[in-house]
Amino acid sequence: MNHSAVLDGGRKRIWERLLGIAVTLPPVALVCTEYVYPFLLSVRSSLQKNGRFSAENYAYALSVYGQDIVFTIFVSALSVVLVLILSVAIGGYLTLHRNRFWEFLFKIPLFIPFVVVGHAMRTFLAPKGLLNSLLSQIGAVDINNPPSFIYGAAGIVIALTWKQFSFALLLVMSAFESVDHSYLEAARTFGAGTGRQILNFLIPLSRSSIGVAAVLILTSFLQNFSVVMMMGDSGGAKHIMVDIYSIITYLNDLPLANALGVISYLLALAPAILYLRGELTKHA
Amino acid sequence: MHERAPALLKGMKLTARLLLCALALFVILGPLSSLVIWSLAEQWHWPAMLPQRWGTMYWQKAFRGELMTSFVTGLEIAVIVTAVVVVLAVPLAYVLARFRIPFKALILVLFLFPQAFPALPIFANLSTLFYRWDIAGKMSGVVLVQVGAALIYSLWTMVSVFQSVPRVLEDAAYAMGASRLRAFFDVSLPLAVPGIVASGILVFLYSLDEFTGTLLIGSPFVKTLPVQMYLSSMGYEMQIASVTSLIISIPGVLFLILFQRFLKAEYLSSFGRI
């Protein structure tokens, strides 16, 4: 082989390497400045009070917002349970009985942004909203004293479930699709109905996909900001994202907001950690 | 009597089924129809079931006033964000999909990590940085925060797009004496175009709907439709907020109707975040 060709090849290699670094660096730098650095800043600031290292912000956050932390976990967990029950039941039914109309209809919420879902639910569920006026037509609701579905846990749970049910359905149905359909045919031959096929075949055979969907959705509920902001403030317990926002804008106390923020990081990580631990112990 | 029992059972089953279908329709379309009715309600006093006076007054208002400015601002931001994200993500996704590079695991973690954390506290601290750099409350700041977020979400779809391009084709190009750059531009990139377009559209929609970053970084000077909608909804301007909501939802719903058949779970999963 010609000596200069080898040299040429070597030069090309270096050139390609440099190009590789050149395309990798800007995105990496961007993510570091926009996520990693502010993340570290938030942890540092949460541990400082009057310029000194202190855990005071955490003590204060837990004592004042402890109830809201519990509320956040409660609404998120309840919503994810509802989402899973609905998506598995409907996803299972639609896998066994394909129907393009219903598949399209149930996909709609996926394309309605979170902010819009919050506002739509506000107009729909408010004491003087469309739902109550419809219910009053059939006499189910007293016009002069309409019940409120919107405030507190109920409104948030309904809005979050409505929005993410669609996403769960997508994940669940794609898992169900990949189940070997000869099992289902065999089950049908022995007289299994829709319910049996879902419970005894589809769910056990796609358990890990359902688990991943549950973790993704639970995390999205714990970190949700736009829906809970749009639903407004009822004066009762709040989602911690609403607390963090009001601490920043009204109290102007960034260290306190950051302490609650770090707690929210831990909350958001918890489902993934619990899931992975469960998987590891199962395989061990 | 014996013959009527199964018929009765069948009838009951059918009724239950129809009721379930009606309930499902109502649950999905109820909140959305509430938006449509509010947007067309010029006068609506409780407890009337429907507005006393219908009209397009608020729609006309929307197309004249501040809303149009926010719409245009949002559109400009979305176009810039999409272009920047595609330019940044395509080469990186290709490199990650094809080559063994140093610190690859670290880079992958870097792009997964932010997805696990709530955006609000992160962006709150980012906004103090942006104030220091004098880009808070400006278009450039909003573009920057959205590019970061969209990059994280779109990189993974782009990596899977490049992984689905058969490597054999590139090897064939190398065998014919093509350089890596040439193989990328002449072989892999053209094959990846449909996937890139799909993920570009998702970035575009993401940017139009983005709320948290825009509210924290852009306020009070840069307002996109979601922020504008939040402000009017908090001010109990129900009609304006509903008109805005519907305008915000149109691109996504159009996308659903047009691309229904091509939508795969892997692309759609990024919608769980909008």
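Residues numbered from 1 in each chain as written. Chains lettered and ligands numbered in written order. Predicted model: local features only at pLDDT ≥ 70, side-chain atom pairs only at ≥ 80, totals over all residues.

In this section: the overall build of chain A. When helices and strands are tallied, chain A shows twelve helices and two strands. Ordered by position from the N terminus, the helices and strands of chain A form the series α-β-β-α-α-α-α-α-α-α-α-α-α-α. The C-alpha radius of gyration computed for chain A amounts to 25 Å, which surpasses the reference 19 Å derived for 284 residues by more than 25%, pointing to a less compact arrangement than a globule. Per-residue burial for chain A yields a buried fraction of 41% across its 284 residues. Put simply, 76% of the contacts in chain A that link residues at least 6 apart link residues at least 24 apart. (Helix = DSSP H or I, 4+ residues; strand = E, 2+ residues; numbered from the N terminus. Rg over C-alpha atoms; globule rule 2.2 N^0.38 Å. Buried ≥ 20, exposed ≤ 12 C-beta atoms within 10 Å, placed from the backbone. Contact = placed C-beta atoms within 7 Å.)

This next bit is on the overall build of chain B. Assigned secondary structure in chain B consists of twelve helices and two strands. Listed N to C, the secondary structure of chain B is α-β-β-α-α-α-α-α-α-α-α-α-α-α in terms of helices and strands. The C-alpha radius of gyration computed for chain B amounts to 25 Å, which surpasses the reference 19 Å derived for 274 residues by more than 25%, pointing to a less compact arrangement than a globule. Projected onto the principal axes, the alpha-carbon positions of chain B cover approximately 80 × 65 × 30 Å. Looking at chain B residue by residue over its 274 residues, the buried ones come to 42%. Residue pairs in contact within chain B that sit at least 24 positions apart in sequence constitute 71% of those at least 6 positions apart.

Of all hydrophobic cores here, the largest spans 144 residues; its most connected members are A:Val172, A:Ile217, A:Leu260, B:Ala93 and B:Leu155. Every residue in contact with B:Leu155, bar those within four places of it in the chain, is listed here: B:Ala89, B:Leu92, B:Ala93 and B:Phe111. (Core = buried A, V, L, I, M, F, W, Y, C linked by C-beta atoms within 7 Å.)

This part covers the confidence of the model for chain B. In low-pLDDT regions, the fine details of the predicted coordinates are not to be read closely. All names here are of chain B. In the predicted model, chain B carries a mean pLDDT of 85, and 93% of its residues have values of at least 70. Mean pLDDT values over the elements of chain B span from 56, in helix H12 (residues 265-268), up to 92, in helix H5 (residues 119-132). In the model output, the complex is listed with pTM 0.87 alongside ipTM 0.85. (pLDDT = per-residue confidence, 0-100.)

The next point concerns the interface of chain B and chain A. Chain B puts 63 residues into the contact, and the matching count from chain A is 70 residues. Element by element, the count of residues in the side of chain B that touches chain A is highest for helix H11 (residues 238-259) of chain B, at ten residues. Grouping the constituent residues of the side of chain B that touches chain A by class yields 47 nonpolar, 13 polar and three charged. (Nonpolar A, V, L, I, M, F, W, Y, C, P; charged D, E, K, R; others polar.)

All names here are of chain A. Between helix H2 (residues 56-96) and helix H8 (residues 194-205), the shortest axis-to-axis distance is 10 Å and the interhelical angle comes to 105°. Taken together, H2 and H8 sit at an angle that is classed as roughly perpendicular. Residues Val88, Gly92, Tyr93, Thr95 and Leu96 of H2 form the contact with H8, whose participating residues are Thr194, Gln197, Ile198, Leu202 and Ile203. Across the contact of H2 with H8, the residue classes tally to six nonpolar, four polar and no charged. (Axes fitted to C-alpha atoms, helices over the stretch in contact; angles between N-to-C directions. Parallel < 35°, antiparallel > 145°, perpendicular 65-115°, else oblique.)

Let's shift gears to the domain arrangement of chain B. All names here are of chain B. According to the domain assignment, chain B contains domain 1 (4-55) and domain 2 (60-273). With five residues of domain 1 at the contact, the number on the domain 2 side is six residues. Top element by residues in the side of domain 1 that touches domain 2 is helix H1 (residues 4-39). It accounts for four residues. (Domains from an automatic or database assignment.)

Bringing the domain arrangement of chain A into the picture now. Residues and elements named next belong to chain A. Taken domain by domain, chain A consists of domain 1 (1-46) and domain 2 (64-283). Relative placement of domain 1 and domain 2: their C-alpha centres are 39 Å apart. Each partner contributes to the interface: domain 1 provides four residues, whereas domain 2 provides six residues. Partitioning the side of domain 1 that touches domain 2 into residue classes produces one nonpolar, three polar and no charged.

Turning to the environment of A:Arg196, a few remarks are in order. With respect to the helices, strands and loops of the structure, A:Arg196 is situated in helix H8. Each C-alpha atom, one on A:Arg196 and one on A:Leu62, is 46 Å from the other, the two residues being 134 residues apart in sequence.

As a further point, take the packing of helix H2 (residues 57-64) of chain B against H11(B). Helices that pack against each other are described as a pair by the angle of their axes relative to one another and the distance between those axes. Residues and elements named next belong to chain B. In the contact formed by H2 and H11, the axes pass within 9 Å of each other and the chain directions differ by 70°. Considering their axes alone, H2 and H11 lie roughly perpendicular with respect to each other. The element H2 and its partner H11 pack so that their crossing is right-handed. Contacts between H2 and H11 involve Tyr58, Trp59 and Ala62 from the former and Gln239, Ile240, Val243 and Thr244 from the latter. Per-class residue counts for the contact of H2 with H11 are five nonpolar, two polar and no charged. (Left-handed = near helix turned anticlockwise from the far one by under 90°.)

Here we come to the confidence of the model for chain A. All names here are of chain A. Taken residue by residue, chain A gives an average pLDDT of 85. The fraction at 70 or more is 95%. Within chain A, the lowest mean pLDDT, 80, falls on helix H5 (residues 130-137), and the highest, 92, falls on H2. Ignoring residues within four places in sequence, the model shows residues 1-6, a span with pLDDT below 50, making one contact including any to other chains.

Attention now goes to unusual backbone geometry. Generally, phi is negative for residues other than glycine and the peptide bonds are trans, each holding for most cases. Residues and elements named next belong to chain B. With an omega of -5°, the peptide bond running from Ser219 to Pro220 counts as cis. By the element assignment, Pro220 lies in the loop between helix H9 (212-218) and helix H10 (225-234). The phi dihedral of Asp134 falls on the positive side, at around 60°, and the residue is not glycine. Within the secondary structure, Asp134 sits in the loop between H5 and helix H6 (139-163).

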